[in-house]
Each structure stands twice: as C-alpha cells, then as structure tokens.
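# Notes for the structure review
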Amino acid sequence: MNNEIVTYEVQLDHPDFYVEFQAPAGLTENEILNFAIEEMTRKTEIWSVKIKKKG
C-alpha cells in the first residue's frame, strides 16, 4: 500500500472555485470526489432539514 500523502486540488463547475485537501496518493476518481465533498462540507453547519415526499 502506498503511504505517500499528496495534495489534491479539485476544480468544480466554476473555474474559480476549487477545493484542496491532502490524502494518500493513488485515489480513485470516486474517492477523490468523496474527499472533496467532505472537505467542502467539513465546517458547514446544518440550520434546518426539510423532508419532501415525491408523488
């Protein structure tokens, strides 16, 4: 297993918006996406929750 830690910079929909995080080298695209989402929401607080039923 590779123990090297690298910095990932993930560019999102807008060219000026990106997230940066450190993680082990060799992550899959899905793992990179999950880490990016975790980093974006790490300091986000939940203010309210709404449940909507479809149909």
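Now for a look at the structure at hand.

Here is what the cut-offs are and how they apply
Residues numbered from 1 in each chain as written. Predicted model: local features only at pLDDT ≥ 70, side-chain atom pairs only at ≥ 80, totals over all residues. Heavy atoms only, no water. Helix = DSSP H or I, 4+ residues; strand = E, 2+ residues; numbered from the N terminus. Rg over C-alpha atoms; globule rule 2.2 N^0.38 Å. Salt bridge = Lys/Arg side-chain N within 4 Å of Asp/Glu carboxyl O. Buried < 20%, exposed > 50% of the residue type's maximum accessible area, 1.4 Å probe, protein only. Phe/Tyr/Trp six-rings, centres within 6.5 Å; stacked < 30°, edge-to-face > 60°. Core = buried A, V, L, I, M, F, W, Y, C linked by side-chain atoms within 4.5 Å. Contact = heavy atoms within 4.5 Å.

With that out of the way, let us pick up the overall build of the protein chain. Counting its secondary structure elements, the protein chain contains one helix and two strands. Put simply, the protein chain runs from its N terminus to its C terminus through helices and strands in the order β-β-α. By the compact-globule yardstick of 10 Å for 55 residues, the protein chain is too spread out, its C-alpha radius of gyration being 15 Å. Seen through its C-alpha atoms, the protein chain measures out along the principal axes to roughly 45 × 30 × 25 Å.

So, about the pattern of salt bridges. For the structure shown, the criterion picks out one salt bridge. For Glu-39, the salt bridge identified is with Arg-42, shortest N-O distance 2.9 Å. Residue classification places Arg-42 among the exposed residues on the basis of a relative accessible area of 52%.

Now for the packing of aromatic side chains. Throughout the structure, instances matching the rule amount to two aromatic pairs. Judged by centre distance (5.3 Å) and plane angle (15°), the ring pair of Tyr-8 and Phe-21 falls under stacked. Here Tyr-8 is found in strand E1 (residues 5-11), whereas its partner Phe-21 is found in strand E2 (residues 18-24), with 13 residues between them in sequence. The pair Tyr-8 / Phe-21 is uniform in exposure class, with both members buried. Relative to Phe-35, the ring of Phe-21 lies with its centre 5.6 Å away and its plane at 15°, an arrangement referred to as stacked. Taken together, the residues span a long stretch of sequence, with Phe-21 in strand E2 and Phe-35 in helix H1 (residues 29-41) at a distance of 14 residues.

The subject of this paragraph is the nonpolar core. By size, the foremost hydrophobic cluster in this structure holds seven residues: Tyr-8, Val-10, Val-19, Phe-21, Ala-23, Leu-27 and Ala-36. Of all elements in the fold, only E1 and E2 reach the threshold of two or more residues within this core. When residues in this core are grouped by element, the largest group, three residues, is from E2. Sequence-distant contacts of Ala-36, that is, excluding residues within four places in its chain, are made with Val-10, Val-19 and Phe-21.

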